[in-house]
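Spelled out, the chains give:
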Amino acid sequence: MRTCKSWFPWIVILLMNCPGIPAESVNPDLLQKRWPAKWISPPDVSLHEYGVYHFRKSFDVPSVPDKFIIHVSADNRYRLFVNGEPVCSGPARGDLWNWRFETADIAKVLKKGRNVLAAVVWNFADLAPWAQMTDKTAFLVQGNTGNESAVNTPEGWRVLQNRAYTPAGRDRMEPYQFIVVGPGDRVDGAFYPWAWQEPDFEDSGWVDPVRLGNGTPRGMHDGGMPWMLVPRNIPLFPENIERIQKVRRVSGIEVDTGFLSGTKSLSIPPHSQAKILLDQTFLTVAYPELRVSKGKGSSITLIYAEALVDAQYRKGHRDDIQNRFAAGLYDHFLPDGGEHRLFRPLWLRTYRYIQMEVETGNEPLLIEDIHGMATGYPFEEKAVFQSSDRSLDDIWNTGWRTARLCAGETYFDCPYYEQMQYAGDTRIQALISLYVSGDDRLMRNAILQFHDSRFPDGLTASRYPSRIPQVIPPYSLFWIAMIHDYWMHREDEAFIGQFLGGIRGVLEWYERHIDETGMLGPMPWWNFVDWPDQWAWNNEAGIGGIPTGAEDGHSSIISLQFAYVLDRAARLMDAWQDAAYAQHYRELSEKVKNAVLKHCWREEEGLIADAAENSVFSQHANVMAVLTGLIEAPAEKAFIQRVADDETLIQCTFYYRFYLNQALKKAGLADQIIPGLSSWRDMLKIGLTTFAERPEPTRSDCHAWSAAPNYDFLATVCGIVPDSPGFKTVRIEPGFGPLDRVLCSMPHPQGMIRLELKRIGKTGLKGGVDLPSGVTGVFLWNGRSLTLRPGRQDLMIQD
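All figures in this text were calculated on a predicted structure; none of them were measured in a lab.

1. Topic: the overall build of the chain
And step 1. Along the chain, the regular secondary structure elements total 14 helices and 35 strands.
And step 2. Overall size of the chain, expressed as C-alpha extent along the three principal axes, is 80 × 65 × 60 Å.
And step 3. Across the 799 residues in the chain, those meeting the buried criterion constitute 64%.
And step 4. In the chain, once contacts between residues fewer than 6 apart in sequence are set aside, the share between residues at least 24 apart is 74%.
And step 5. When the accessible surface of the chain is totalled, it reaches about 29600 Å², and 49% of it is carbon and sulfur.
And step 6. Treating the 82 positive side-chain charges of the chain as one cloud and the 97 negative ones as another, the clouds have centres 4 Å apart.

Structure (structure tokens):
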């Protein structure tokens with residue numbers, strides 16, 4: 001929230017890249033010794049209850065330096081300004097054992113003489129996002145060296161509690177809606193300290209903060225503070241202005257849509273009630289910013305929705321607004337009658353639609369502007385995929401938007417409801433990131449955070465960071481699979497080697513649950529697999545997505561997931577020259593697979609049953625049978641084709657379709673990927689601008705596991721995969737399906753891989769492949785094998 005003296009210059013500054021610098025620039029002493037700066041907190045309040053606070057400090061510089069590096073952190077979160085300009089926000093999500101601090105070079109926003117640092121710090125307490133770890137309200141600033149020590153907390157810092165804020169309620173949400181991203185904001189402008197971040201703001205009435213202990217880096221003995229500080233390991237996030245596209249519905253007033261451009265004001269008369277439905281036309285993640293003047297005694301409510309719902313809270317075509325309304329998270333703003341008041345929520349919002357509800361008092365209200373400041377992890381789209389079927393462009397673009405909106409300070413399962421990083425989802429998201437952007441930092445962060453989440457019994461948390469613990473044992477397995485994926489795509493032994501003990505811990509936990517059958521027996525926790533209708537959520541039991549045998553024991557799916565990961569763990573142990581563990585994992589994998597074959601194979605159906613004691617059949621069990629090599633190679637093509645085509649089986653939904661596609665590819669049926677995209681085409685037909693969690697009726701309209709086609713376009717249709725660890729060599733085996741031509745490029749650690757291919761005749765192919773310097777590989781097509789060398793090479797394979 002701020003008042004704007006010069007609106008448009010401020011917007012230009014906000015659109016600049018944040019002045020973050022690499023973690024390597026942190027003074028080494030700050031990673032090894034107690035910091036000179038101390039954590040500070042507001043006085044005379046509970047540090048464990050909801051509150052919003054402002055901190056300020058002025059300091060002088062004799063001249064503008066070339067660099068001025070500072071480090072900042074807070075609990076729960078902060079947003080920092082220098083001389084009125086926003087600089088950075090954080091801290092990036094972690095846990096108390098790994099509490100992030102941001103590093104920024106603020107030299108560009110300093111001026112000769114007096115300068116002012118100002119920050120808003122908030123603690124949502126019990127209402128905090130489930131992904132927000134916390135101890136108590138606190139704030140910390142540390143200069144990188146003695147040259148920047150003037151900014152250190154606590155000397156000269158002042159603090160004010162902002163009593164304008166209270167949390168918004170849940171009364172505008174759908175019944176039983178599971179939203180755990182934090183509360184909406186209710187802001188009473190009459191109590192707001194407008195312009196608190198500006199250099200000329202009068203802060204003489206502010207008070208001295210409480211001094212806590214010194215900042216303490218992780219690994220230091222007896223730090224005395226709960227926050228073990230580590231550098232932020234992902235980039236700072238830019239913000240970009242995003243104009244709302246349409247007014248879809250209005251009641252109570254007439255609207256000139258020019259106010260959406262910020263060039264005209266919308267006047268709402270006194271004693272009026274108005275509703276304005278705004279349509280971004282696509283789902284986005286942004287900080288909405290609403291600028292108003294006058295309107296004392298008015299109230300403004302902003303309701304954010306992925307889609308509108310009918311009276312039974314059902315979604316329909318996402319463009320449809322007839323007899324539908326917005327329900328969900330909302331913010332509530334009470335203007336104080338001042339000029340150019342800006343409302344911006346403390347935390348980001350996810351929306352396609354914003355319903356603005358206004359009730360005025362004795363004064364007219366001028367709505368001067370409303371727009372979003374789009375933000376998120378700054379992935380760059382480096383990959384290209386084009387084909388003879390241009391309708392695939394929409395799937396590619398929608399998939400990439402889905403993946404981007406599900407990437408913040410961690411990977412998100414979904415940006416609207418949870419914003420939590422789940423290992424099963426994250427494995428797929430990380431592969432999409434690697435193939436489309438080449439940026440592995442968020443993947444590395446995820447692998448580290450699941451490692452940090454491990455319980456004493458060996459398992460990882462299913463989602464992390466999360467202040468509400470949850471265990472989905474199969475997700476611990478997929479964490480190991482993610483490490484294997486990273487090993488295949490990146491040469492980084494030091495990073496991967498630190499997880500070998502954690503890998504062993506997970507597998508030992510599973511091994512302890514093998515019973516006399518050789519399969520996994522009764523399994524504790526939530527053994528989630530997928531969301532088919534047959535495994536629907538049970539409100540009474542508080543669980544869903546679990547196949548037969550997952551709890552009672554002898555589940556073929558869970559057992560084969562274990563074997564699938566044992567095989568990958570064995571390869572990792574081989575690479576680290578741990579022959580004993582590698583051999584043990586191979587033998588254990590064979591034991592489990594043979595037990596599944598013995599107890600779950602049904603000769604009459606020619607399928608693996610979901611559990612030893614029944615004849616319930618799913619695609620999932622038989623997909624895992626192919627992926628683990630349980631089905632012999634000569635038979636696997638016909639077998640998985642039958643599994644993919646059989647609609648009487650419990651079907652893979654969007655999450656497990658990733659594994660079905662992997663099985664098709666393993667069996668030599670990569671040509672089936674493009675024909676298998678009908679569900680994604682159906683989502684586009686009902687107006688979705690991101691891909692949903694599951695087939696209709698779906699909860700989340702944006703779920704990153706459903707962006708898997710972007711990975712498959714490159715890795716399966718174009719067929720580009722690592723042929724050795726570290727992506728040192730490449731294997732290209734296209735699966736065109738009905739396509740006549742493909743053109744793609746994708747990032748590789750050594751450069752870009754480019755591919756341009758066209759069918760000739762019935763089985764022929766011509767085109768070219770371009771590999772980065774130092775990278776060799778093999779090209780496979782219809783039984784032919786060609787050696788690939790670095791650089792450009794033309795291909796011609798005749799019928």
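What follows continues from the structure just given.
2. A look at the pairing of strand β20 (residues 299-305)
And step 1. Among the seven residues of β20, seven are classified as buried, and the element is accordingly described as predominantly covered.
And step 2. Where burial is concerned, the two faces of β20 agree: the one with Ser299, Thr301, Ile303 and Ala305 and the one with Ile300, Leu302 and Tyr304 are both buried.
And step 3. Both β20 and strand β23 (residues 349-359) contribute to a ladder of seven bridges, which runs antiparallel. What sits directly across from Ala305, in β23, is Tyr353.
And step 4. Of the strand pairs in this sheet, β20 and strand β21 (residues 330-334) are connected by four bridges, and their pairing is antiparallel. From the neighbouring strand, Leu302 faces β21, where its bridge partner is Asp331.

3. Re the packing of aromatic side chains
And step 1. Summed over all chains, the structure comprises 51 aromatic pairs.
And step 2. On the numbers, 4.9 Å between centres and 80 degrees between planes, the contact of Tyr435 with Tyr711 is edge-to-face. Here the residue Tyr435 occupies a position in helix α3 (residues 423-436), and Tyr711 occupies one in helix α14 (residues 708-717), the gap between them amounting to 276 residues.
And step 3. Overall, Tyr435 belongs to the buried group, its relative accessible area being 0%.
And step 4. Measuring from centroid to centroid gives 6.5 Å for Tyr475 and Tyr655, while their planes differ by 75 degrees, and the two rings are edge-to-face. Here the residue Tyr475 occupies a position in helix α5 (residues 473-489), and Tyr655 occupies one in helix α12 (residues 654-666), the gap between them amounting to 180 residues.
And step 5. Residue class for Tyr475 comes out buried when judged on its relative accessible area of 2%.
And step 6. Positioned over the ring face of Tyr287 is Arg344, at 4.0 Å from the centre of the ring.

4. Overview of the pattern of salt bridges
And step 1. Going through the model one piece at a time under the given rule, you end up with 41 salt bridges.
And step 2. Overlapping salt bridges bring together Glu306, Lys315, Arg318, Glu696 and Asp701 as one network.

5. Focus: the sheet that holds strand β6 (residues 85-90)
And step 1. If you trace the five strands from one edge of the open sheet to the other, you get β6-β5-β8-β3-β10, paired in antiparallel fashion. Each edge of the open sheet carries a strand with a single partner, namely β6 and β10 (158-161). In this sheet, neighbouring strand axes are inclined to one another by 20 degrees on average, regardless of whether the strands run parallel or antiparallel.
And step 2. With five bridges connecting them, strand β5 (residues 77-82) and β6 associate as antiparallel partners. For Phe81, the partnering residue across the bridge sits in β6 and is Pro86.

6. Observations concerning the confidence of the model for the chain
And step 1. When pLDDT is averaged along the chain, the result is 95, and 97% of the positions lie at 70 or above.
And step 2. Residue range residues 2-18 is modelled with pLDDT below 50. Its contacts to residues more than four positions away, or to other chains, number 47 contacts.

7. Some points on the packing of α3 against α12
Packed helix pairs are characterised by how far apart their axes lie and by the angle those axes make with each other.
And step 1. Their axes nearest at 11 Å, the elements α3 and α12 cross at an angle of 60 degrees. On the basis of the axis angle, α3 is oblique to α12. In this structure, α3 meets α12 at a crossing whose hand is left-handed. Side by side, α3 and α12 meet where Gly424, Arg427, Ile428 and Leu431 of the first sit next to Tyr655, Phe658 and Tyr659 of the second.
And step 2. Looking at the contact of α3 with α12, its residues break down into five nonpolar, one polar and one charged.

8. A closer look at helix α7 (residues 500-511)
And step 1. An ideal rise of 1.5 Å per residue puts 16 Å on 12 residues; α7 measures up with 16 Å between its terminal C-alpha atoms.
And step 2. When you tally the buried positions in α7, you get nine out of 12 residues, the bulk of the element.
And step 3. Buried residues of α7: Leu500, Gly502, Ile503, Arg504, Gly505, Val506, Leu507, Trp509 and Tyr510, and no others.

Parameters at a glance
- Residues numbered from 1 in each chain as written.
- Predicted model: local features only at pLDDT ≥ 70, side-chain atom pairs only at ≥ 80, totals over all residues.
- Heavy atoms only, no water.
- Helix = DSSP H or I, 4+ residues; strand = E, 2+ residues; numbered from the N terminus.
- Buried < 20%, exposed > 50% of the residue type's maximum accessible area, 1.4 Å probe, protein only.
- Contact = heavy atoms within 4.5 Å.
- Areas by Shrake-Rupley, 256 points an atom, 1.4 Å probe, with all protein chains shown as cover.
- Lys, Arg positive; Asp, Glu negative; His and termini not counted.
- Charge placed at Lys NZ, Arg CZ, Asp CG, Glu CD.
- Pairing = 2+ DSSP bridges.
- Phe/Tyr/Trp six-rings, centres within 6.5 Å; stacked < 30°, edge-to-face > 60°.
- Lys NZ or Arg CZ within 6 Å of the ring centre and 35° of its normal.
- Salt bridge = Lys/Arg side-chain N within 4 Å of Asp/Glu carboxyl O.
- Axes fitted to C-alpha atoms, helices over the stretch in contact; angles between N-to-C directions.
- pLDDT = per-residue confidence, 0-100.
- Parallel < 35°, antiparallel > 145°, perpendicular 65-115°, else oblique.
- Left-handed = near helix turned anticlockwise from the far one by under 90°.
- Nonpolar A, V, L, I, M, F, W, Y, C, P; charged D, E, K, R; others polar.
- Expected span 1.5 Å × (residues − 1).

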